[in-house]
Amino acid sequence: MTQQQYQELARRTLAAQEENREIPMLTREFPALTRAEGYQIQALREQLVLDQGHRLVGYKMGATSLAKRRQMGSKMPSYGRLFEHYQLPEGELALDRFIHPKLESEITFQLGKPLKGPFVTVPDVLSATRYIIPSFEIIDSRYEGFQFTGPDVVSDNISASSFVLGQQRVDPYGMDLTQLGATLYIDGEDMAYGTGSEILGHPARAVAELANLLWEQERRILEPGILIMTGSLTAATALQRGQRLKTVFSMLGSVELHII
Ligand code: OOG
Ligand code: MG
């Protein structure tokens, strides 16, 4: 494929996101597309967003829990990028700005020190972490029926759309993050539960994996201040108007959204 074709594919999923419409998977047209090419397309897509005047504020890891890998039919974790305008406040969330959004409960890290792959470990991550933050991610694949292959979802910035941070900031030093639990309540009923151990055995491993993948794919470093969403603890849940969603995290407080 040519550089011009990669550019066109970067524009294609971005335009679909901006116009709230579904598109066919890129692999329908380019069945030989690889995951590595998907990351090239994702990087070009990032540049288009930066050219609009936006700012990169973090990264997200996806498919880090078994529940998510099953739901996506994915064998391995992948990463995407978060921009300042993806952050939405707690409170009301209007459905009309999405295609077919789903909600995920996630543990978000904020770094205080840089992390550089390719050999970052869990202890490295813990000593570089400033805070962990309770959060929701709202994913919204640009593909028809929320169906995709690995190269498709990577090209589409792994369905990134919006995120919401809760109020608490906790220094995880000395905490056992494998035991950090999250319970999702929909309209007061508990619907899903997961613990940190679901995230590659330890949520900090998702951050380590990100640092290593970013180095491998793009020779990039994670800078201090950057946010890292470590992946949904449970399967993602489709959003519907009227829902009141609340995830209670042990040791981290809660996050709430009312869908309007
Ligand atoms: C890809 C994004 C997955 C997560 O937390 O696992 C993700 C998707 O499922 O559309 O954000
Ligand atoms: Mg996610």
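Analysis parameters
- Residues numbered from 1 in each chain as written.
- Chains lettered and ligands numbered in written order.
- Predicted model: local features only at pLDDT ≥ 70, side-chain atom pairs only at ≥ 80, totals over all residues.
- Heavy atoms only, no water.
- Donors = N, O, S within 2.8 Å, 3.2 Å for Na, K, Ca; no water.
- Buried < 20%, exposed > 50% of the residue type's maximum accessible area, 1.4 Å probe, protein only.
- Helix = DSSP H or I, 4+ residues; strand = E, 2+ residues; numbered from the N terminus.
- Expected span 1.5 Å × (residues − 1).
- Contact = heavy atoms within 4.5 Å.

Caption draft 1: Expanded view of the coordination of the magnesium ion (ligand 2). Coordination of the magnesium ion (ligand 2) by the protein is provided by E104 (OE), E106 (OE) and E137 (OE), with metal-donor distances spanning 2.0 Å. The class for E104 is buried, based on a relative accessible area of 4%.

Caption draft 2: A look at helix α3 (residues 35-51). Compared with the 24 Å implied by 1.5 Å per residue over 17 residues, the 24 Å span of α3 between its first and last C-alpha is a close match. Those residues of α3 that are buried lie in contact with α1 (3-18), β1 (56-62), β2 (78-83), α6 (150-155) and α7 (203-218).

Caption draft 3: Molecular detail of unusual backbone geometry. Between G117 and P118 the backbone carries a cis peptide bond, its omega angle lying at 15 degrees. With respect to the helices and strands, P118 occurs in the loop between β4 (102-111) and α5 (122-128). Even without being a glycine, N20 presents a positive backbone phi close to 50 degrees. Examined against the element boundaries, N20 turns out to sit in the loop between α1 and α2 (26-29). Phi is positive for F146, which is not a glycine, with a value near 60 degrees.

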